[in-house]
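Structural overview
Here is how the chains run, residue by residue.
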Amino acid sequence: MDLDAGDSPWGDVPSQSTNNHGAARSDTEGPPPEQSPQQSASSRSNVRRNPRGTRKISAQATKLDDDTFDPLGPLGDKASESSPIAVEQAPIPPQKEAFAGRNVRPTSSASQASSGAGMLDSVNLEEDGASFKGPPPVQPPSDVEGAQRQQQPSVSVEKAANPTFDITVGDPHKVGDLTSSHIVYQVRTKTTSKAYRQPEFTVSRRYRDFLWLYNSMHSNNPGVVVPPPPEKQAVGRFDTNFVESRRAALERMLNKIAAHPILQHDGDLKIFLESETFNLDVKNKENREPDLGQNKGMFSSFGLGVGGGGKFVEHDDWFHDRKVYLDALENQLKALMKAIDTVVAQRKGLAEAAGDFSTSIQSLAAVELSPILSGPLYGLSDLQVRIKELYERQAQQDVLTLGITIDEYLRLIGSVKTAFSQRQKAFHSWHAAESELQKRKHNQEKLLRQGKTQQDRLNQANADVADAERKVHQARLLFEDMGRLMRNELQRFEKEKVEDFKSGVETFLESAVEAQKELIELWETFLLQLDAGEEGNPFYPPTAGETAPTEPTEGVPEAAPVPTAEEA
């Protein structure tokens, strides 16, 4: 099919062919046969003289010559106008490597400078390159992989932000000589935190190390309620029951500190749980930070005084109500602790009484000549020994279930009061900074009234006022932040208190019920022994007309038969 120059779909015929174009249009009869090839040859030569940038449009025309990619009918002006739309709406080519398709584009520009066959290749390559303007054809797998990449970091970040700890305090053993003897505990830790070198490790710690951790936590985190260790005890500190109760309290302390969202990231906790040279690390830390103490730390960093100041008057009703509530709760817990101590003392008294009763029954059975009576007496003596062990075990369970919970929250209330005192010190520091600011402002105003003769002193006064304003701002922010932190801490305290007391009371009741079931079972077993006998020896008395079998008792002579009245 021969096209005129004016109807060329390339639209880039130069102006030199205007005469030929007009001659072709003026001959309505049709051009001579010998002129049509010349015009087509001149048009092709003009096209090839065009810049390389127009070859992409010629590639679209070449594409339209292909029957397989020409659904729009014959060539013409409308077809050439719709050809870019056809390229954009072309179906997605067969899936291939996305990076290979993208790498083809530079080679297409180089192949455009080659011959006609090279141009045909460049046409196909440009067609492939045009299809990659949108997303790559392998989009569904990339979405799945992207979703997996988005899920995995979120889980890992969550685990990293809230690591889990499983801490056990066990194997208490006494070390040292008579003058320096103390109890050493093995602290075993399992954690998912990446801050530690290993997921599992074990260290040895004594009581004063736990006390150091508690004081360091308070100084590092003012306003946070730190779980406290059990109190010291000078008398009976090596007693088995006391060591076991202290071990359980220390274990609860460490697990609560490790579960706290703020305290679990403290560097002192890492030193305590992981350091194998604990004493040396503590000394190095104190040498680096000699001024840090329980009453310093964050306050001293602002250059603020931490003295008690005047009497603190609570202006926040919420904190005032909490202080009244904590005082009442402390009194109630002390009364409950006293009642638990009474119950434990009564159980120990019952155990001691059962032991004394067992000894008396055994002595009576030893002097009894009749085995019909001595057998049940021995059985009753053994029963009382078991009852004594039951009462002692139940007394110990009462201490380790409900008693240790009450004692822990009595000490936690002390930690809450320490946080309240730190808030009061922040309040006094804030007002001390405000009073200092007022003094410096007064001095500044005095210098301003004196005029320009005191310019140097005035500049210094302005700097002092700016520094005092900065300290006031920092002290006020510290007080407000500590108030918000303590609100969250007290809410956390209430939530944990309900859960711990619920668990403690349930365990206390379950142990009491199990102890009563065991006691009933002991008495029922003893009654069955009286009825059926144990190992063939009946404990029941013989009926009338029957003679109970007698067995000689070792070391006791057999009693002579008593004569009847007729025989006498």
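This text gives an overview of the structure that appears in the document. (Residues numbered from 1 in each chain as written. Predicted model: local features only at pLDDT ≥ 70, side-chain atom pairs only at ≥ 80, totals over all residues. Heavy atoms only, no water.)

Next up on the list: the overall build of the protein. Check the secondary structure of the protein and you find 16 helices and three strands. When each of the 568 residues of the protein is scored for burial, the buried share is 32%. Split by element, the accessible area of the protein, about 35,400 Å² in all, is 54% carbon and sulfur. (Helix = DSSP H or I, 4+ residues; strand = E, 2+ residues; numbered from the N terminus. Buried < 20%, exposed > 50% of the residue type's maximum accessible area, 1.4 Å probe, protein only. Areas by Shrake-Rupley, 256 points an atom, 1.4 Å probe, with all protein chains shown as cover.)

Let's shift gears to the packing of helix α11 (residues 267-274) against helix α12 (residues 278-288). Contact pair α11 / α12: the axes reach a minimum separation of 9 Å and the direction vectors enclose 155 degrees. Viewed along their axes, α11 and α12 adopt a mutual orientation that is roughly antiparallel. Two packed elements cross with a definite hand, and for α11 against α12 that hand is right-handed. Taken together, the residues of α12 that come into contact with α11 (itself represented by Asp268, Ile271 and Phe272) are Phe278, Asp281 and Lys285. Residue composition of the contact of α11 with α12, by class: three nonpolar, no polar and three charged. (Axes fitted to C-alpha atoms, helices over the stretch in contact; angles between N-to-C directions. Parallel < 35°, antiparallel > 145°, perpendicular 65-115°, else oblique. Left-handed = near helix turned anticlockwise from the far one by under 90°. Contact = heavy atoms within 4.5 Å. Nonpolar A, V, L, I, M, F, W, Y, C, P; charged D, E, K, R; others polar.)

Strand order in the open sheet made by the three strands is β1-β2-β3, with antiparallel pairing throughout. The open sheet has two free edges, formed respectively by β1 (165-175) and β3 (200-206), since each of these has just one partner strand. Going across the sheet, the axis of each strand differs from the next one's by a mean of 20 degrees, ignoring polarity. Set on the sheet, α11 makes contact with β1, β2 (182-191) and β3; between it and β3 the angle comes to about 90 degrees. (Pairing = 2+ DSSP bridges.)

Quick look at the environment of histidine 265 now. As for its placement among the helices and strands, histidine 265 is situated in the loop between α10 (240-259) and α11. Along the primary structure histidine 265 and serine 193 are separated by 72 residues, whereas in three dimensions their C-alpha atoms are 9.5 Å apart.

A separate point is unusual backbone geometry. In this structure, aspartate 171 is a non-glycine residue whose phi angle is positive, near 50 degrees. Relative to the assigned elements, aspartate 171 resides in strand β1. Look at aspartate 171 and you get partly exposed, because its relative accessible area is 44%.

This part takes up α10. Residues that lie three or four places apart on an α-helix share one face, since the helix turns once every 3.6 residues. Across its 20 residues, α10 extends 29 Å between first and last C-alpha, which sits within 8% of the 28 Å expected from 1.5 Å per residue. The residue sitting at the N-terminus of α10 and contributing the capping side-chain oxygen is aspartate 239; that oxygen lies 3.2 Å from the backbone nitrogen of asparagine 241. (Expected span 1.5 Å × (residues − 1). Polar contact = N/O pair within 3.5 Å; in protein donor to acceptor, adjacent residues only side chain to side chain.)

This paragraph deals with the packing of aromatic side chains. This model, assessed by the stated rule, comprises 14 aromatic pairs. On the basis of an interplanar angle of 20 degrees and a centroid distance of 5.5 Å, the ring pair of tyrosine 196 and phenylalanine 201 is categorised as stacked. With a centroid separation of 6.0 Å and an interplanar angle of 90 degrees, the aromatic rings of phenylalanine 319 and phenylalanine 420 are classed as edge-to-face. Placement of the pair is phenylalanine 319 in helix α14 (residues 317-367) and phenylalanine 420 in helix α15 (residues 371-450), with a sequence separation of 101 residues. Phenylalanine 420 gets classed as buried once you look at its relative accessible area, which sits at 5%. Grouped by ring-pair contacts, the aromatic residues Tyr185, Phe210, Trp212, Phe272 and Phe278 constitute a single cluster. Across from the ring centre of phenylalanine 272, 5.4 Å away, lies the NZ or CZ of arginine 205, which sits over that ring. (Phe/Tyr/Trp six-rings, centres within 6.5 Å; stacked < 30°, edge-to-face > 60°. Lys NZ or Arg CZ within 6 Å of the ring centre and 35° of its normal.)

Taken as a whole, this structure holds 23 salt bridges when the rule is applied. For arginine 247, the salt bridge is made with glutamate 251, and the minimal N-O distance between the two is 3.0 Å. With a gap of four residues between them, arginine 247 and glutamate 251 both fall in helix α10, about one helical turn apart. The exposure class of arginine 247 is buried, given its relative accessible area of 16%. Between glutamate 494 and lysine 497 there is a salt bridge, with the nearest N and O atoms lying 3.6 Å from each other. With glutamate 494 and lysine 497 both in helix α16 (residues 455-532) and three residues apart, the pair spans about one turn of that helix. (Salt bridge = Lys/Arg side-chain N within 4 Å of Asp/Glu carboxyl O.)

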